[in-house]
Amino acid sequence: MAREFEFEGFETKSIHAADPRSEAFGSLTVPLYMTSTYVFPDAETGGARFAGEEQGMIYSRIANPTVDVLEKAMAQLEGAEAGLAFGSGMGAISAVLIAMVKSGDHILCSDGLYGCTYGLLTMLKEKFGVEFDLVDMSDMERVRAMMRPQTKVVYVETPINPTLKVVDLQAVSEIAHAGGAQLVVDNTFMTPYLQQPLKHGADVVVHSATKYLGGHGDLIAGVAVGSKAFLDELRFSTLKDIGAVMAPMEAWLILRGLKTLSLRMERHCENAHKVYTYLANHPKVSKVYFPGAPDHPQQELIARQMRGSSGMIAFEVQTLEAGRTLMNSVRLAQLAVSLGEATTLIQHPASMTHAVVPADVRRDEMGIADGLVRLSVGLEHPDDIIADLEQALAKIPVQQPESAKVDTDPHTAA
Ligand SMILES: *Cc1c(COP(=O)(O)O)cnc(C)c1O
């Protein structure tokens, strides 16, 4: 279906990798195959497809022609042999991890993880005896020291959600491989336009396609890319038997989103730089985390590994109460979890995306302060995004009364 493509430019590939013109009336866009099953021409063919002796569709939990085009397009954009689509980012992450580990194994993770990934690892540990540790990956000696003979997977988010610390993928991959482990990277915050982890030694890349890849906040989906052998194994095990499959409509919408991915990412980066400069100079903002910051301590690594900052900024206001005032005062930015879409979104990790993480792990190991606010800078005019933050920050009292400074646990806070 998807053409084997001879042009190199990312922008060109993101538009033409999904070219279906070899069939379907020369339709310019990919046809939407809304079908659960496929009719076998005869019993012998059906048998041969089940036996893997003949190519061909069987049932849409295993493969679907529209989804197939997206899988191939994502593989081309990430520089992978193959791709596999899932019903959500968590569907992809759980299918990959469950396929890679068994009870008694160990997973070594970056010291910041998407909240539900942390939840999944906790479940694997409690129910199936798969151990995991978080480690500060800014120190490679520490990473090396935390590897165990049982470590099968090193799992990394970079930049780390929501503190936006950057992990050196090449260095981590060398340590992982020396210890016989595979490196899995969650590339959701970057997309293949800004970062291609396979080029820096990763074995598998996972995405929440819900975010920048879809880009319009209208779907939930996930993707994994890696070697064909590994993804074939997944297709017939943790994809087929657990069943977090992507629907063809979602694949169609993501293919549509991919055509503008490079344009959107450029503008997300540009807007985020402007918003960063504004926030970094605001007296009520105590800290700003942004990989595009000109004084970022990891600049050399960022230049080597990433093509841009993306649209994610995290910043701290003094207290949880101040954060709440800010979130209740924005008008253009929308108070919602998720990220990577046209609309600017704001949220509070301690009480929302990372509420599932125990408070001590969240603060001490992940570095998520209670007053940390996460902003997904959208595609609106940057002056309007800044004006909105300006009026909302103005609502925070300059001097917090002592009573409001109590370090309230968001789990119990009203
Ligand atoms: C959203 C997100 C996920 C989970 O993806 P879903 O599509 O919501 O299941 C995983 N990792 C990161 C970094 C995310 O932002």
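Residues numbered from 1 in each chain as written. Predicted model: local features only at pLDDT ≥ 70, side-chain atom pairs only at ≥ 80, totals over all residues. Heavy atoms only, no water.

An unreviewed UniProt entry annotates the chain as L-methionine gamma-lyase originating from Tumebacillus amylolyticus. UniProt annotates the chain under Catalytic activity (unreviewed entry) with the comment "L-methionine + H2O = methanethiol + 2-oxobutanoate + NH4(+)". In its Sequence similarities (unreviewed entry) section, the UniProt record describing the chain reads: "Belongs to the trans-sulfuration enzymes family. L-methionine gamma-lyase subfamily." (UniProt positions renumbered as here; feature names shortened; annotations may be inferred.)

Undergrad: Looking at this model, I keep getting lost on the nonpolar core. Mind explaining?
TA: In globular proteins that are soluble, nonpolar side chains generally tend to be buried together. Among the nonpolar cores identified, the biggest contains 98 residues, and L70, V96, I107, V154, Y155, I254 and L258 are the most heavily contacted of them. Among the elements that make up this core, the one with the highest residue count is helix α3 (residues 65-78) (seven residues). Lining this core are residues from two domains, each supplying at least three of them: domain 1 (10-258) and domain 2 (261-397). Among residues more than four places away in sequence, those in contact with L258 are S14, L70, A73, M74, L77, L213 and R264. (Core = buried A, V, L, I, M, F, W, Y, C linked by side-chain atoms within 4.5 Å. Buried < 20%, exposed > 50% of the residue type's maximum accessible area, 1.4 Å probe, protein only. Helix = DSSP H or I, 4+ residues; strand = E, 2+ residues; numbered from the N terminus. Domains from an automatic or database assignment. Contact = heavy atoms within 4.5 Å.)

Undergrad: I keep staring at the site of the ligand and nothing clicks. Help me out?
TA: Close to the ligand lie 13 residues; G89, D186, S208, T210 and K211 are nearest. Here a nitrogen atom of the ligand and a side-chain polar atom of D186 are 2.6 Å apart. Between K211 and the ligand, the recorded distance is 2.7 Å, taken from a side-chain N or O atom to an oxygen atom. When the ligand is considered free in solution it has 380 Å² of accessible area, and contact with the protein chains removes 94% of it. The site holding the ligand turns out to be the second largest pocket. Ranked by residue count, the leading element in the shell around the ligand is helix α4 (residues 89-100), at three residues. Residues that form the shell around the ligand fall into these classes: six nonpolar, five polar and two charged. (Near = heavy atom within 4 Å. Polar contact = N/O pair within 3.5 Å; in protein donor to acceptor, adjacent residues only side chain to side chain. Areas by Shrake-Rupley, 256 points an atom, 1.4 Å probe, with all protein chains shown as cover. 1 Å grid on protein atoms, 1.4 Å probe; cavity = no way out; pocket = protein on both sides within 12 Å on 5 of 7 lines; lining within 4 Å. Sits in = over half its atoms within 2 Å of the grid points. Nonpolar A, V, L, I, M, F, W, Y, C, P; charged D, E, K, R; others polar.)

Undergrad: Mind showing me how you'd approach the domain arrangement of the chain here?
TA: Reports often express the size of an interface as the amount of accessible area lost when the parts come together. The assigned domain composition of the chain is domain 1 (10-258) and domain 2 (261-397). The C-alpha centroid of domain 2 is placed 26 Å from the C-alpha centroid of domain 1. With 38 residues of domain 1 in contact, the opposing surface of domain 2 contributes 43 residues. Carbon and sulfur atoms make up 61% of the surface buried where domain 1 meets domain 2, a total of about 3,400 Å² over both sides. Contact with domain 2 buries surface across domain 1, with Y193, L194 and Y212 losing the most and accounting together for 22% of the total. The interface formed by domain 1 and domain 2 contains two salt bridges. Close ionic contact of R307 with E11 constitutes a salt bridge, the shortest N to O distance being 3.8 Å. Taken together, the links from domain 1 to domain 2 amount to 19 residue pairs in polar contact (both at pLDDT 80 or more). (Buried area = accessible area lost by both parts, 1.4 Å probe. Salt bridge = Lys/Arg side-chain N within 4 Å of Asp/Glu carboxyl O.)

Undergrad: Just to check I follow, could you spell out the sheet that holds strand β11 (residues 345-347) for this structure?
TA: Sheet strands associate in pairs through backbone hydrogen bonding, adopting either a parallel or an antiparallel arrangement. Across the sheet, which stays open at both edges, the five strands sit in the order β8-β9-β12-β11-β10 with mixed pairing between neighbours. In this open sheet, the two strands that pair with only one neighbour each are β8 (285-289) and β10 (334-335). On top of the sheet, helix α11 (residues 261-280) reaches β8, β9 (312-317) and β12 (372-376); it is set at about 15° to β9, its chief contact. (Pairing = 2+ DSSP bridges. Axes fitted to C-alpha atoms, helices over the stretch in contact; angles between N-to-C directions.)

Undergrad: Is there a simple way to think about the confidence of the model for the chain in this case?
TA: Do not read the predicted coordinates in detail wherever pLDDT is low. Scored by pLDDT, the chain has a mean of 92; 94% of the residues are at 70 or more. Note on residues 404-414: pLDDT under 50 across the span, and 23 contacts to partners over four residues away in sequence or across chains. (pLDDT = per-residue confidence, 0-100.)

Undergrad: Help me understand the pattern of salt bridges, please; the structure alone is not making it clear to me.
TA: Pairing between side chains of opposite charge can happen when the charged atoms of each approach one another. Tallying each qualifying case throughout the model produces 22 salt bridges. Its salt-bridge partner being D136, residue R142 comes within 3.8 Å of it at the nearest N-O pair. Salt bridges sharing common partners tie together D111, D136, D139, R142 and K165.

Undergrad: Looking at this structure, how should I read helix α7 (residues 169-178)?
TA: Residues of α7 that are buried: L169, A171, V172, S173, I175 and A176. The secondary structure elements touched by the buried residues of α7 are α6 (140-146), β4 (151-157), β5 (182-186) and α12 (299-305). Where α7 begins, the side chain of D168 points an oxygen toward the backbone nitrogen of Q170, at a separation of 3.2 Å. Positive phi shows up at G180, right after α7, with a value of about 75°.

Undergrad: Looking at this model, I keep getting lost on the layout of surface pockets. Mind explaining?
TA: A probe matching the size of a water molecule, rolled over the atoms, marks out where space remains unfilled. A volume near 330 Å³ is recorded for the second largest pocket. For the second largest pocket, the lining is made up of 23 residues, of which Y114, S208, T210, K211 and S338 are closest to its centre. It is α4 that contributes the most residues to the lining of the second largest pocket, three residues altogether. Taken together, the residues of the lining of the second largest pocket sort by class into nine nonpolar, nine polar and five charged. For the lining of the second largest pocket, the domains that each give at least three residues are domain 1 (10-258) and domain 2 (261-397). (Points joined across faces, edges and corners; volume = space filled by probe spheres on them.)

Undergrad: Help me out: how do you make sense of the packing of α3 against helix α10 (residues 248-258) in this one?
TA: Each packed pair of helices is defined by two parameters, the angle between the axes and the distance between the axes. Contact geometry for α3 and α10: axes closest at 8 Å, N-to-C directions at 35°. In terms of crossing hand, the pair formed by α3 and α10 is left-handed. Along its contact with α3, which presents T66, V67, V69, L70, A73, M74 and L77, the element α10 presents P248, A251, W252, I254, L255 and L258. (Left-handed = near helix turned anticlockwise from the far one by under 90°.)

Undergrad: It is not clear to me how the side chain of T66 should be interpreted in this structure. Could you clarify?
TA: Relative to the helices and strands, T66 is located in helix α3. On the basis of relative accessibility, which here comes to 0%, the residue T66 falls in the buried class. Side-chain polar atoms of T66 contact the backbone oxygen of P31, separated by 2.8 Å. Within polar-contact distance, the side chain of T66 engages the backbone nitrogen of Y33 at 2.8 Å. In contact with T66, other than residues within four places in its own chain, are V30, P31, L32, Y33, P248, A251, W252 and L255.

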